[in-house]
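# Survey of secondary and tertiary structure
Residues per chain are reported as follows:
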Amino acid sequence: MTLPPSPPAGLFIAFEGGDGAGKSTQAALLTAALRADGHVVLRTREPGGTPVGEKLRSLVLDHGQGEIDARCEALIFAAARAAHTAQVIAPAVARGEIVISDRYIDSSIAYQGAGRGLGTAAVRQLNEWATEGLWPDLTVLLDVTPEDGRDRRTAADAAEDRLESEPDDFHADIRHSFLELAAAHPERYLVLAARLPIPELAAAIHARVLALRARLGAGRT
Ligand code: TYD
């Protein structure tokens, strides 16, 4: 019996990095480049990406919501992620699309696990449960120092949310945690210095994604 042809291989790519790393710029450039190559790309972000996720986003990021302790914060991010994975990411990957998410589980491990001191193992476990173990095929880590991140946020002149307004040593813990995650699984990460020129970063990311797409596409058909 001949099996029907497999659907095209979907791909899930996450952008991670400290506040002010330039993730949104690079996610937008990668989306445009892949669409120009003819791929169907779904660009999304965390927290958010679904109606309930957007509500949870303002709950956890806006100032003036009253006290939100660390465990509550971790659970809100994980709840938003559960909806995002089930409603948006997993279905799109199953349709063969390329999903590009601005932040994913690593942000919770770094910000809540390391930054808030909840422990990286506990936060990982919570999020593996929330997402039924869906990990990205590739995580692009834009590595930014706390000082550079702060300078870039100041230059952008945007109001800082609850997490961004934490002090530099909080952001240093986060940076260290992201780098540790990448070092543990180098095959699933592309780590780039956020200071590099924007076009140089964009070219390196695009090349890596095309190589991955070719490899996974060949493997899955
Ligand atoms: P956002 O405006 O998306 O920041 P950025 O443009 O830097 O990505 O706000 C997201 C903030 O929420 C950011 O400070 C990181 C934080 N965050 C967590 O603490 N845990 C998480 O799981 C996620 C997804 C984000």
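Refer to the structure above for everything that follows.
Residues numbered from 1 in each chain as written. Predicted model: local features only at pLDDT ≥ 70, side-chain atom pairs only at ≥ 80, totals over all residues. Heavy atoms only, no water.

Take the packing of aromatic side chains next. Tallied over the full model, the rule gives three aromatic pairs. Ring centres 4.8 Å apart and planes at 85° place the aromatic pair Phe12 and Tyr104 in the edge-to-face group. Taken as a pair, Phe12 in strand E1 (residues 11–17) and Tyr104 in the loop between strand E3 (98–102) and helix H4 (105–115) lie far apart in primary sequence, 92 residues in all. Pair check on accessibility: Phe12 and Tyr104 agree, each one buried. Plain terms: the ring middles of Tyr111 and Phe178 are 6.4 Å apart, the flat faces sit at 75° to each other, and that makes the pair edge-to-face. Linking Tyr111 in helix H4 with Phe178 in helix H7 (residues 168–184), this pair joins segments that are 67 residues apart in sequence. Taken together, the ring pairs connect Tyr111, Phe170 and Phe178 into an aromatic cluster. (Phe/Tyr/Trp six-rings, centres within 6.5 Å; stacked < 30°, edge-to-face > 60°. Helix = DSSP H or I, 4+ residues; strand = E, 2+ residues; numbered from the N terminus. Buried < 20%, exposed > 50% of the residue type's maximum accessible area, 1.4 Å probe, protein only.)

It is worth spelling out the packing of helix H3 (residues 70–94) against helix H5 (residues 120–131) at this point. Running from N to C, H3 and H5 cross one another at 30°; their axes reach a closest spacing of 8 Å. Taken together, the axes of H3 and H5 lie roughly parallel to each other. Here H3 and H5 pass one another in a crossing that is right-handed. Across from Ala74, Leu75, Ala78, Arg81, Ala82 and Thr85 in H3, the residues of H5 making contact are Leu126, Asn127, Ala130 and Thr131. (Axes fitted to C-alpha atoms, helices over the stretch in contact; angles between N-to-C directions. Parallel < 35°, antiparallel > 145°, perpendicular 65-115°, else oblique. Left-handed = near helix turned anticlockwise from the far one by under 90°. Contact = heavy atoms within 4.5 Å.)

Time to look at the environment of Ala110. By the secondary structure assignment, Ala110 is in helix H4. The class of Ala110 is buried, set by a relative accessible area of 0%. Through-space distance from the C-alpha of Ala110 to that of Leu179 is 9.5 Å; in sequence the pair is 69 residues apart.

Any functional reading would require information beyond the geometric quantities listed.
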